[in-house]
Amino acid sequence: MRSPADLPSAFDPAPGHLDAATAGVAPRRTARALREDVDRWSSGGLDVARYERAVHVARERFAALVDVPADRVAIGSQVSAMVAVVAASLPDGARVVCVDGDFTSVVFPFLAQGRLRVEHVPADRLAEAVVPGVDLVAYSLVQSATGAVLDDDAVLAAARGAGSRTLCDLTQAAGWLRVDASRYDVSVTAAYKWLCAPRGTGFLTVRAEAQDALVPVHAGWYAGDDPWASCYGPEMRLAGDARRFDVSPAWQAWLGAAESLDLFAGADRDAVQAHAVGLADAFRAGLGLEPGGSAIVTLPDPEGRRRGALVAAGCRVAGRAGRVRLAFHVWNDAVDVQRALTALHGEV
């Protein structure tokens, strides 16, 4: 197991990079693999077998990271496309409960159907809103706009009691927070943030007992039982496991994803979480705030003054929903915390 003390040497970000919640930093090994592949490609040496191995490695490593068997993992591209599989599979009039203010890729696929009953409730009331008659509760475990970690146990208990299915977006959690995707009927994760993979790579997990309720609406040749042997019609022979929801991989992106996922899957997840949350809470303490229990810290910033001060001090941060957002990850340290605190002196 790699400890957080070992992981920073795998990265080379500019000082003050506090924005993993927007996009991760490519590990050195990931950047190197992609450069080498461009060289092979430019000389006509494109290697499909290498890409196939990369997809296999990425799937296996993600499965280990989120505590599910690899046959419960499908590869995807964007969160909205993976959520759309669930939305398209619901019957007309199905009742879906979402978090008010959640990231729209979790919500728009349901609204776009125009035939579902979609309700939005505050995050702290999500569990009490999951009652008999609710077909699905869909939510992000860690909220993008605020960094808040939802009371997952309460939501899942409510869903079990009501007979509701669960869909959880792990995008802002997997990579810093220890997660168990087997808890959900379906989970979706974009890998380009905290998992530091290239954009356009993601994962869908589905419980075996929930699989038959989903229509593989994106089914293509890569969803076949044996993709290279079943890539011509007219018969459709889909994989019997979660691979039936695979989309055809963007080759170079998955070559990079395999490197990044291998790095994170080999790390001590509890230690990574303690490192990231510890830095975030140290930053909060410097502002006179109570611990937040999240690697993400957001502060009210309606006019953008705080973000401006942080950027001027060399910090890379994001502005979201009238707030400034700071995200602490494995490459960050106490120096980054102090840089951000010094920048905000007089602005808090």
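Notes on the structure in this doc start here.

Rules and cut-offs
- Residues numbered from 1 in each chain as written.
- Predicted model: local features only at pLDDT ≥ 70, side-chain atom pairs only at ≥ 80, totals over all residues.
- Heavy atoms only, no water.
- Pairing = 2+ DSSP bridges.
- Helix = DSSP H or I, 4+ residues; strand = E, 2+ residues; numbered from the N terminus.
- Axes fitted to C-alpha atoms, helices over the stretch in contact; angles between N-to-C directions.
- Contact = heavy atoms within 4.5 Å.
- Salt bridge = Lys/Arg side-chain N within 4 Å of Asp/Glu carboxyl O.
- Buried < 20%, exposed > 50% of the residue type's maximum accessible area, 1.4 Å probe, protein only.
- Core = buried A, V, L, I, M, F, W, Y, C linked by side-chain atoms within 4.5 Å.

Moving on, we get to the sheet that holds strand S9 (residues 318-320). Here three strands make up an open sheet; going across it, the order is S8-S10-S9 and the pairing antiparallel. If you trace the sheet from one side to the other, it starts and ends with strand S8 (296-300) and S9, each paired once. Between one strand axis and the next, the sheet turns through 35° on average, direction left out of account. Relative to strand S10 (residues 323-327), S8 is paired through five bridges, and the arrangement is antiparallel. Opposite Ile296, over in S10, you have Ala327 as the bridge partner.

Below, the discussion takes up the sheet that holds strand S7 (residues 202-206). Taken in spatial order, the seven strands make up an open sheet running S1-S7-S6-S5-S4-S2-S3, and their pairing is mixed. Of all the strands in the sheet, the pair left with one neighbour each is strand S1 (73-76) and strand S3 (117-121). Along the sheet, successive strands turn relative to each other by an average axial angle of 20°, direction set aside. Taken together, the three bridges between strand S2 (residues 95-99) and strand S4 (residues 136-140) define a ladder with parallel strand orientation. Among the inter-strand pairings, Val97 is bridged to a residue of S4, identified as Val137. The strands touched by helix H2 (residues 48-65) within the sheet are S1, strand S6 (186-190) and S7, with S1 carrying the most contacts at an inclination of about 125°. Relative to the sheet, helix H4 (residues 104-111) contacts S2, S3, S4 and strand S5 (165-169), its axis offset from that of S4 by approximately 150°.

Applying the stated criterion across every chain, the model contains 20 salt bridges. One salt bridge in this structure joins Glu119 and Arg95, with 2.4 Å as the shortest N-O distance. Taken together, the positions of Glu119 in strand S3 and Arg95 in strand S2 put the pair 24 residues apart, joining distant regions of the chain. Looking at Glu119, the relative accessible area reads 26%, which means it is partly exposed. Arg183 serves as the salt-bridge partner of Asp153, at 2.8 Å between the closest nitrogen and oxygen. In this pair, Asp153 sits in helix H6 (residues 152-162) while Arg183 sits in the loop between S5 and S6, placing the two residues 30 residues apart along the sequence. Since its relative accessible area comes to 29%, Arg183 is described here as partly exposed. Beyond isolated ion pairs, a larger network of salt bridges with shared partners links Arg29, Arg61, Glu259 and Asp262.

Here the focus is unusual backbone geometry. Of note, the amide linkage connecting Gly233 to Pro234 takes the cis form, showing an omega dihedral of 5°. At Asp67, a residue that is not glycine, the phi angle is positive and equals roughly 65°. By the secondary structure assignment, Asp67 is in the loop between H2 and S1. Positioned with a positive phi, Ala321 is a non-glycine residue whose angle comes to about 50°.

Ranked by internal contacts, the top residues of the largest apolar core, which has 66 residues, are Phe11, Leu126, Tyr139, Leu141 and Phe203. Broken down by secondary-structure element, the contributors of at least two residues to this core are H2, S1, S2, helix H5 (126-129), S4, H6, helix H8 (251-265) and helix H9 (269-286). Not counting residues within four places of it along the chain, the set of residues in contact with Leu141 comprises Ala148, Val149, Leu150, Asp152, Cys168, Asp169, Leu170, Ala173, Leu177, Val179 and Tyr184. One finds Val83, Val85, Leu167 and Ala190 within the second-largest nonpolar core, a separate group that totals 29 residues.

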